[in-house]
Amino acid sequence: MDVDDDCDSLFGSSGSDRGDADAGQCGGVDEQPQVASRQTPPIAGLFFFPALLSREVHDRVLAQVSDCGYFSLDADEDERGSDDTETTGLGDGKDAYDRSPRNQAMLFARLLPCNAVGQADADNKAGTGYDSAEADDPAADAQACSGLPRWAVELIQHLRQTLMAVADDQLPLDVKQLVFPTSGMLSRQLILNLYRGGEGLASHVDLVNRFADGILLCSFGPSGCGTVMELTHASGKVHQLFLPSGSVLLLSREARYEWKHGIPARSIDLVRSADDPGHVEAIARSIRLSITIRSMLPGADIVGE
Ligand SMILES: O=C(O)CCC(=O)C(=O)O
Ligand SMILES: [Fe+2]
């Protein structure tokens, strides 16, 4: 068993106050991790794409997110010591993450016709879909009407393009249409979670009265690094799935409603090698950003009476 030294854990396991109503931070550290798989677990409605985001797209999203400053230092909130100003390893220009005690950001799109965000230029751009220099710029239009930042519109467009292009036997059409409906009204919510070192996330089902079916979990971080997601069923069945940076996990149907998902707090994950199933790697947790993309149920975007 070897420890992957490429993935320095740059911050210790520090306290945090994840504010998502349905997903609190995991408390204790899991001392004896099970061996996680890199393969899609046999859970109906769960679809896993370990390398859906190319490194180029991955790095671009990170740079754009970093520029938005969600996690930038606010002097009053800076409870971290000056020793925490090392490079994160997330990529260039990620200084914003280094000193921040914040670890979560939520973004909401306005209620829009489904095709206003995520479809505007889907059919005429191959590859990354990141050619923003065009005079006729559907991403800019979508951004203006959705209220989402440009990077989020572009990411959703890119996910739509790449997932719709997946063969139907790997991702059934009805599941694609669940995540990217072509008619009706849609209000998107994005949540960004920043994990440092061995931080975890309590096991949960995303709020069933607030979020629709079809949830995308995108993982960002140093190349080769990632985290283990634990999926648990009331029957007692448990699956441990390694989510590398650049991966996208789609939860729908049973996987979304009948299985809890969470991230055990620990600094090293044991992961079965993809090439040699007899070999187990110990992969040190590094900093990780996840971007969860969900649709709000009708009316769930209105808070209060
Ligand atoms: O960090 C992750 O990948 C999981 C996030 C999550 O489950 C949530 O935001 O509800
Ligand atoms: Fe969740």
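Look above for the structure.
Quick summary incoming for the structure in this document. (Residues numbered from 1 in each chain as written. Chains lettered and ligands numbered in written order. Predicted model: local features only at pLDDT ≥ 70, side-chain atom pairs only at ≥ 80, totals over all residues. Heavy atoms only, no water.)

**So, the overall build of the protein chain**
A count of helices and strands for the protein chain gives six helices and 15 strands. Out of the 305 residues belonging to the protein chain, those deemed buried represent 52%. Considering only contacts in the protein chain between residues 6 or more positions apart, those separated by 24 or more positions represent 81%. (Helix = DSSP H or I, 4+ residues; strand = E, 2+ residues; numbered from the N terminus. Buried < 20%, exposed > 50% of the residue type's maximum accessible area, 1.4 Å probe, protein only. Contact = heavy atoms within 4.5 Å.)

**Focus: the coordination of the iron ion (ligand 2)**
In the first shell of the iron ion (ligand 2), the protein supplies His-204 (NE2), Asp-206 (OD) and His-261 (NE2), at 2.1 Å from the metal. Owing to a relative accessible area of 2%, Asp-206 belongs among the buried residues under this scheme. (Donors = N, O, S within 2.8 Å, 3.2 Å for Na, K, Ca; no water.)

**Focus on the site of ligand 1**
Lining the immediate surroundings of ligand 1 are 14 residues, of which Tyr-195, His-204, His-261, Arg-288 and Ser-290 lie closest. In this structure, an oxygen atom belonging to ligand 1 sits 2.6 Å away from a side-chain N or O atom of Tyr-195. Take His-261: an N or O atom from its side chain is 3.0 Å from an oxygen atom of ligand 1. Against a free-state accessible area of 290 Å², the protein chains account for coverage of 100% of ligand 1. Mapped onto the shell around ligand 1, the elements with two or more residues apiece are β6 (188–195), β7 (201–204), β12 (259–263) and β15 (288–295). Ranked by residues supplied to the shell around ligand 1, first place goes to β15 with four residues. (Near = heavy atom within 4 Å. Polar contact = N/O pair within 3.5 Å; in protein donor to acceptor, adjacent residues only side chain to side chain. Areas by Shrake-Rupley, 256 points an atom, 1.4 Å probe, with all protein chains shown as cover.)

**Regarding helix α4 (residues 150–164)**
For α4, with 15 residues, the first-to-last C-alpha span of 21 Å sits near the 21 Å given by 1.5 Å per residue. Of all 15 residues that make up α4, twelve are buried, and the element is covered over most of its length. Three or more residues of α4 are buried, namely Trp-151, Ala-152, Val-153, Glu-154, Leu-155, Ile-156, Gln-157, His-158, Leu-159, Arg-160, Gln-161 and Leu-163. (Expected span 1.5 Å × (residues − 1).)

**Re the environment of Ala-284**
Checked against the element boundaries, Ala-284 lands in strand β14 (residues 280–284). Assessed through its relative accessible area of 11%, Ala-284 is described here as buried. The spacing of Ala-284 and Arg-266 is 18 residues in sequence and 9.0 Å in space, taken between C-alpha atoms.

**Observations regarding the pattern of salt bridges**
Two side chains carrying opposite charge are able to pair once their charged atoms lie near each other. Taken as a whole and assessed by the stated rule, the structure comprises ten salt bridges. As a salt-bridge pair, Glu-56 and Arg-60 come within 3.5 Å of each other at their nearest N and O atoms. With a gap of four residues between them, Glu-56 and Arg-60 both fall in helix α1 (residues 55–68), about one helical turn apart. What emerges from the salt-bridge pattern is a single network uniting Asp-174, Asp-213 and Arg-253. (Salt bridge = Lys/Arg side-chain N within 4 Å of Asp/Glu carboxyl O.)

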